[in-house]
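If you want the building blocks of each chain, they are given just below.
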Amino acid sequence: MNDLNAIAPELAAFADDRLITDVLYEVKSGKEATVYCCKADPKSGFEYLAAKVYKELTYRSFRNDSIYQEGRCHGSGQVLRAYEKKTEFGQTVQFNMWVAHEWETLRMMFWTGVFVPEPIAVKGRCILMEFFGQDGQAAPTLQTCEPPREMVGELWQLVLCNIERMLQKHVVHGDLSPYNLICDVERRDDPLRVIDFPQAVDARTNPNALALLERDLNNVYRWFSKRGVSAEPKSLARDLWRRYQRAEL
């Protein structure tokens, strides 16, 4: 059994809560977080769970996230000043907001019916969620997946449907690409999960929302266009935005 405390104390806390029993392997690691496949505690009702562990503040560097932060509430008084000046305390505030925002967005998207991993629990810098894959093997990202040709059009329509469902709840992913779409071609009736929501923006308050929506669609479309899908991502984005503003979604 792995020393969960050595990986992250929050993982040991999940074990104390009878949610997981062990970390089996690292699924992927990026600049901001590492995702692990965990053996779920039988009492959790799952066989496996995924733990997204944000890297400690001293070991990670924030991207230039100003375009995502516009329109968000950052507190008031000392907290807001610290955040704006990027003091050490301000960076801690920023880090906590990054994790909390992903958790809250993930929960809202799941209950809205967007195809995201089911959120299970959050502690500190760790988010525990549904493990998407089979027999303990994580499903690949769309970037590394080659679905059957007859399935490509279905996946494109499914991605569009999920982007629209997000926008219905005033959410634009903001960083959507084939790298944060997980695809399991063996699950023909449920093949997709959208992941990574810390940068998601509120379409009502963020002035960059339309530009980010256009970028999301364009980034995903490039993958599909190489596999025979023909569309106009900018026109699709603007049509979605127009219907969103008219409350027609």
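Computed from a prediction, not measured in an experiment: that's the story for all the values here.

### Considerations on the packing of helix α6 (residues 149–168) against helix α8 (residues 233–245)
Each packed pair of helices is defined by two parameters, the angle between the axes and the distance between the axes.
Next up, step 1: Packing of α6 against α8 leaves a shortest axis separation of 11 Å and a crossing angle of 35°. Read as a crossing pair, α6 and α8 show a hand that is right-handed. Of α8, the residues touching α6 (which contributes W156, L160, I163, E164 and L167) are L236, L240, W241, R243 and Y244.
Next up, step 2: In the contact of α6 with α8, the residues fall into eight nonpolar, no polar and two charged.

### Topic: the packing of helix α7 (residues 209–225) against α8
Next up, step 1: The N-to-C vectors of α7 and α8 enclose an angle of 140°; their axes lie 8 Å apart at closest approach. With respect to α8, the axis of α7 lies oblique. Of the two possible hands of crossing, α7 and α8 adopt the one that is right-handed. Of the residues in α8, those touching α7 at A209, L210, L213, E214, L217, N218 and Y221 are P233, K234, L236, A237, R238, L240 and W241.
Next up, step 2: Considered class by class, the residues forming the contact of α7 with α8 number 10 nonpolar, one polar and three charged.

### Observations regarding α7
Next up, step 1: When the terminal C-alpha atoms of α7 are compared, their 24 Å separation across 17 residues agrees well with the 24 Å that a helix rising 1.5 Å per residue should span.
Next up, step 2: Buried residues dominate α7, accounting for 12 of its 17 residues.
Next up, step 3: Considered for burial, the residues of α7 that qualify are A209, L210, L212, L213, E214, D216, L217, N219, V220, Y221, W223 and F224.

### Structural notes on the pairing of strand β3 (residues 48–54)
Next up, step 1: Buried residues dominate β3, accounting for seven of its seven residues.
Next up, step 2: Side chains of β3 alternate between two faces, with Y48, A50, K52 and Y54 and L49, A51 and V53 buried alike.
Next up, step 3: By the bridge criterion, seven bridges tie strand β2 (residues 33–40) to β3 in an arrangement that is antiparallel. Counted as the bridge partner of Y36 is A51 from β3.

### What about the sheet that holds β2?
Next up, step 1: What the five strands build is an open sheet, ordered β1-β2-β3-β5-β4; its pairing is antiparallel. A single partner strand is all that each edge strand has here, and the edge strands are β1 (20–29) and β4 (119–123). Here the strands of the sheet are splayed against their neighbours by 25° on average, with no regard to which way each runs.
Next up, step 2: Relative to β4, helix α2 (residues 9–16) is tilted by about 125°, and along the sheet it contacts β1, β3, β4 and β5 (126–130).

### Quick word on α8
Next up, step 1: When the terminal C-alpha atoms of α8 are compared, their 18 Å separation across 13 residues agrees well with the 18 Å that a helix rising 1.5 Å per residue should span.
Next up, step 2: Listed as buried for α8 are P233, A237, L240, W241 and Y244. Each buried residue of α8 lies within a common arc of 100° when the element is viewed along its axis, so the set occupies one face.

### Considering the environment of S29
Next up, step 1: Looking at where S29 falls in the secondary structure, it is placed in strand β1.
Next up, step 2: Judged by its relative accessible area of 43%, S29 is partly exposed.
Next up, step 3: Expressed as a C-alpha distance, the spacing of S29 and K55, which sit 26 residues apart in the sequence, is 9.6 Å.
Next up, step 4: If we ignore the near neighbours within four places in the chain, the residues touching S29 are T34 and K55.

Parameters at a glance
- Residue positions are counted from 1 within each chain, in the order its sequence is given.
- Residues qualify for local features only when their pLDDT is at least 70, as the model is predicted, and side-chain atom pairs are given and counted only at 80 or more; totals for whole chains, interfaces and linings, by contrast, use all residues.
- To get the side-chain values, take all heavy atoms of the structure and skip hydrogens and water.
- Simply put, an axis is a line fit to the C-alpha atoms, just over the touching stretch for a helix, and the angle between two N-to-C directions goes from 0 to 180 degrees.
- By definition, any uninterrupted DSSP run of H or I lasting at least four residues is a helix, any uninterrupted run of E lasting at least two residues is a strand, and each is numbered from the N terminus.
- Handedness of a crossing follows from how the near helix is turned relative to the far one, being left-handed for an anticlockwise turn of less than a right angle and right-handed for a clockwise one.
- The criterion used for residue contact is that any of the two residues' heavy atoms lie within 4.5 Å.
- Three classes are used, and their members are as follows: Ala, Val, Leu, Ile, Met, Phe, Trp, Tyr, Cys and Pro are nonpolar, Asp, Glu, Lys and Arg are charged, and the others, Gly among them, are polar.
- Each angle gets one of four labels, with under 35 degrees taken as roughly parallel, over 145 as roughly antiparallel, 65 to 115 as roughly perpendicular, and the rest as oblique.
- In this scheme, a helix's expected span is set at 1.5 Å multiplied by one less than its residue total.
- Between buried and exposed lies partly exposed: a residue is buried under 20% and exposed over 50% of the maximum accessible area for its type, with that area taken using a 1.4 Å probe on protein chains only.
- Between any two strands, pairing holds if DSSP finds at least two bridges.
- The directions considered for the arc run from the helix axis to the C-beta atoms.

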